[in-house]
Amino acid sequence: MLFRQAKWEEPIVFELSSFSKQTLLIDEEFANEASEALKRIPESLVRSSELKIPNLSEVEVVRHYNRLSQMSYGVDVGPVPLGSCTMKYNPKICEELASDPRVTELHPYQDEEEAQGILEIMYLMQRWLSEITGMDECSLQPPAGAAGEFVGALIIRKYHHDRGLNNKNEMIVPEAAHGSNPASSAMAGFKVVKIPTAPSGETDIEALKSVLSDNTAGLMLTNPNTLGIFESGIVEISDLIHEKSALMYYDGANLNGILGIVRPGDMGFDIVHLNLHKTFAAPHGGGGPGAGAVCVRKELIDYLPVPLVGFDGRSYKLRYDLSRTIGRVSWFYGNIVPIVKSFIYIAALGPALREVAEVSVLNTNYLMSKLRRMRGISLPYGENRWRKHEFVVSFENLLKETGVSAEDVAKALLDRGLHAPTIYFPLIVKEAHMIEVTETETKENIDRLAKAYEEIIELAYRDPQVVKSSPVNTSVKRLDVLVANHPRTLAPTYEHLRRLKSQEV
């Protein structure tokens, strides 16, 4: 499939027009009404300075954003196999219903009696997510997955503090964990204790035993882990942690691999965070806002962030009556739109929700079986084991034999109209590609991805410089990764760009 991405020399929207245009025109017959309306606004609230937004006509705005969209790539264009990101296709019915003005125009201070519909949705989500995770109660307060992790770490800290166990200041985190796990633990005031991965790809239980102590506050673990391998010793791990009066925290980023089949609560976890925007269909990763949820066992319900949504048999209400709550993590429920999308997704699938995991696992292992046979590719850790929703291959051999790196292969995928997978993660795998195709990709799309890998590897052995020169078909060519990832250059604001141009910074 020939791929050539559009290339527009498109300015930013603030620089699109050199002069202002009439953007709001009030017909003469309504001039008096408009004037009267303005007079009713208190003078202190009337803007006295010019509003610093571009004055553009509708056609300019439409064409601007259409040109930008032609230079971007998303899951509506092709597969986005980013490992541990679960970039699945998002059904358009979720978008349509969640865009209803009755959802988007709700005011956070609206009277609860006027918002019974949305409160019922939130209440049911709390119940459904509790059932899915095997927990007793959920809070939808966290606005994203990392925020959910932080909430979980804060709950663990306060739980031990209330029991006078102030010595519990260590959080155990496997070396293959998502980077946000140690970050959340450190932000919550814990010392992070790292444990290695066994050759099987699972948590090294002997290493875990060696670091357990009376100071252990908890263990943060995702299952299946970032190698896509299910932790078969999870019950033993849970028992070891609980014997130290510590808590088990479940990172829900990989829930897609076990959804509807096994529950974190049944594995022994005490706290679960979920990425609603990953597992339950809402665009994310720059495509839309996230929504986290934190679910807990009954002993920890009192620590959840408030408000929850309760039901007294007559109406739905916001609940603030949790005496040991860690407080609010968001002032309002600004994440209501992805919550509604997730609600629609779960309601539409019903008992078929487990097929999400079944098909995602089938798709992943189908692709893995094709890639692992290719020259230059290896499958580190648990070589003879099937994976769940994702897998990690290494291009270390390819690099040694051709000079072509994992990054070079990822860039060459872009030239074939495919999004690259997660690369160089987890850190325990050299020259890693972490691949997750999700349940929404067809066999034809997976075959196309495998074929692209095959072509790139053949080219790497025949003419490696061509691969190392990729991408050439994209609107933006290869970037200096150090500069591109620097905070000063990664998505700078217009104000920062203006200062750069005026040499103020």
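The rules behind each value
- Residues numbered from 1 in each chain as written.
- Predicted model: local features only at pLDDT ≥ 70, side-chain atom pairs only at ≥ 80, totals over all residues.
- Heavy atoms only, no water.
- Helix = DSSP H or I, 4+ residues; strand = E, 2+ residues; numbered from the N terminus.
- Rg over C-alpha atoms; globule rule 2.2 N^0.38 Å.
- Contact = heavy atoms within 4.5 Å.
- Lys, Arg positive; Asp, Glu negative; His and termini not counted.
- Charge placed at Lys NZ, Arg CZ, Asp CG, Glu CD.
- Pairing = 2+ DSSP bridges.
- Axes fitted to C-alpha atoms, helices over the stretch in contact; angles between N-to-C directions.
- Buried < 20%, exposed > 50% of the residue type's maximum accessible area, 1.4 Å probe, protein only.
- Patch = residues over 30% accessible without salt bridge, like charges linked within 9 Å, V, L, I, M, F, W, Y side chains within 5 Å.
- Areas by Shrake-Rupley, 256 points an atom, 1.4 Å probe, with all protein chains shown as cover.
- Salt bridge = Lys/Arg side-chain N within 4 Å of Asp/Glu carboxyl O.
- Core = buried A, V, L, I, M, F, W, Y, C linked by side-chain atoms within 4.5 Å.
- Phe/Tyr/Trp six-rings, centres within 6.5 Å; stacked < 30°, edge-to-face > 60°.
- Disulfide = S-S within 2.5 Å.
- Polar contact = N/O pair within 3.5 Å; in protein donor to acceptor, adjacent residues only side chain to side chain.

**Digging into the overall build of the chain**
Working step 1: When you go through the chain residue by residue, the secondary structure sums to 19 helices and 12 strands.
Working step 2: Its C-alpha atoms give the chain a radius of gyration of 25 Å, near enough to 23 Å, the size a compact globule of 505 residues would have.
Working step 3: Along the longest, intermediate and shortest principal axes, the C-alpha atoms of the chain span 80 × 65 × 50 Å.
Working step 4: Within the chain, contacts between residues at least 6 apart in sequence are counted, and of these 71% link residues at least 24 apart.
Working step 5: When the 54 basic and 66 acidic side-chain charges of the chain are each reduced to a single mean position, those positions are 4 Å apart.

**Here's the deal with the sheet that holds strand 10 (residues 391-394)**
Working step 1: Ordered in space as 10-12-11, the 3 strands form an open sheet in which the pairing is antiparallel. Either end of the sheet is taken by a strand with one partner, and the two such strands are strand 10 and strand 11 (422-423).
Working step 2: One ladder, built from 2 bridges, connects strand 11 with strand 12 (residues 432-435); its direction is antiparallel. Paired with Ile423 across the strands is His433, a residue of strand 12.
Working step 3: Packing against the sheet, helix 13 (residues 354-371) makes contact with strand 10 and strand 12, and its axis sits at approximately 10° to strand 10.

**Thoughts on the environment of Leu379**
Working step 1: Summarising the element assignment, Leu379 is placed in the loop between helix 13 and strand 10.
Working step 2: Accessibility expressed as a relative area gives 8% for Leu379, which makes it buried.
Working step 3: Sequence-wise, Leu379 and Glu236 are 143 residues apart; in three dimensions their C-alpha atoms are separated by 27 Å.
Working step 4: The contact partners of Leu379, leaving out residues within four places of it in the chain, are Met368, Arg372, Arg387, Val392 and Val393.

**Brief notes about helix 15 (residues 406-415)**
Working step 1: Taking burial as the measure, the 10 residues of helix 15 include 8 buried ones, the bulk of the element.
Working step 2: Within helix 15 the residues assigned to the buried category are Ala406, Glu407, Asp408, Val409, Ala410, Ala412, Leu413 and Asp415.
Working step 3: Contacts made by the buried residues of helix 15 are with helix 14 (396-402), strand 11, strand 12, helix 16 (443-462), helix 17 (464-468) and helix 18 (481-484).
Working step 4: Immediately downstream of helix 15, the backbone of Gly417 shows phi near 75°, a positive value.

**Concerning a nonpolar patch on the surface**
Working step 1: A contiguous nonpolar patch, built from Leu38, Ile41, Leu45 and Val46 and spanning about 390 Å² of accessible area, is present on the exposed surface.
Working step 2: Residue placement: Leu38 occurs in helix 1 (residues 31-39).
Working step 3: Judged by its relative accessible area of 58%, Leu38 is exposed.

**A short note on the nonpolar core**
Working step 1: Ranked by size, the top nonpolar core spans 56 residues in total, and within it Leu129, Leu274, Leu276 and Phe280 carry the most contacts.
Working step 2: Among the elements that line this core, the one with the most residues is helix 5 (residues 116-133), at 8 residues.
Working step 3: With sequence-adjacent residues up to four places away left out, Leu276 is seen in contact with Met125, Leu129, Ala281, Ala291, Gly292, Ala293, Ile339 and Ser342.
Working step 4: Counting residues in each nonpolar core, the second largest holds 28 residues, with Leu371, Val404, Ala412 and Ile446 among its members.

**What to know about the pattern of salt bridges**
Working step 1: A full pass over the atoms with the stated rule returns 27 salt bridges.
Working step 2: Across the pair Glu396 and Lys430 runs a salt bridge whose closest N-O atoms are separated by 3.9 Å. Separated by 34 residues along the polypeptide, Glu396 in helix 14 and Lys430 in the loop between strand 11 and strand 12 bring together distant segments of the chain.
Working step 3: We classify Lys430 as exposed; its relative accessible area is 57%.

**Observations regarding the packing of aromatic side chains**
Working step 1: The full count for this structure, using the stated rule, is 9 aromatic pairs.
Working step 2: Centroid distance Tyr250 to Phe269: 4.9 Å. Interplanar angle 75°. Geometry classified as edge-to-face. Here Tyr250 is found in strand 5 (residues 247-251), whereas its partner Phe269 is found in the loop between helix 10 (264-267) and strand 6 (271-275), with 19 residues between them in sequence.
Working step 3: Seen from their ring centres, Phe395 and Tyr453 are 6.1 Å apart, and the 15° between their planes marks the pair as stacked.

**Thoughts on unusual backbone geometry**
Working step 1: For the peptide bond that leads from Asn223 to Pro224, omega is 5°, which places it in the cis range.
Working step 2: Note on placement: Pro224 falls in the loop between strand 4 (216-221) and helix 9 (234-243).
Working step 3: Cis rather than trans, the peptide bond between Phe425 and Pro426 has omega equal to 0°.
Working step 4: Not every positive phi belongs to a glycine, and Thr86 is a case in point at roughly 50°.
Working step 5: Following the sequence through the fold, Thr86 ends up in the loop between helix 2 (58-70) and helix 3 (92-98).
Working step 6: The backbone phi angle of Thr438 is positive, close to 65°, even though this residue is not glycine.
Working step 7: Looking at the element boundaries, Thr438 is found in the loop between strand 12 and helix 16.

**Considerations on the state of the cysteines**
Working step 1: What the rule picks out here adds up to 1 disulfide.
Working step 2: Between Cys94, a free cysteine, and Cys295, which holds the nearest cysteine sulfur, the sulfur-to-sulfur gap is 19 Å.

**Describing the side chain of Glu441**
Working step 1: Within the fold, Glu441 resides in the loop between strand 12 and helix 16.
Working step 2: One buried charged residue, Glu441, remains without a salt bridge, the closest side chain of opposite sign being Arg448 at 7.4 Å.
Working step 3: Of the polar contacts made by the side chain of Glu441, one reaches the side chain of Asn445; its length is 3.0 Å.
Working step 4: Once you skip the residues sitting within four places of it in the chain, Glu441 turns out to touch Pro79, Asn363 and Ile446.

Geometric descriptors of this kind do not, in isolation, establish any biological role.
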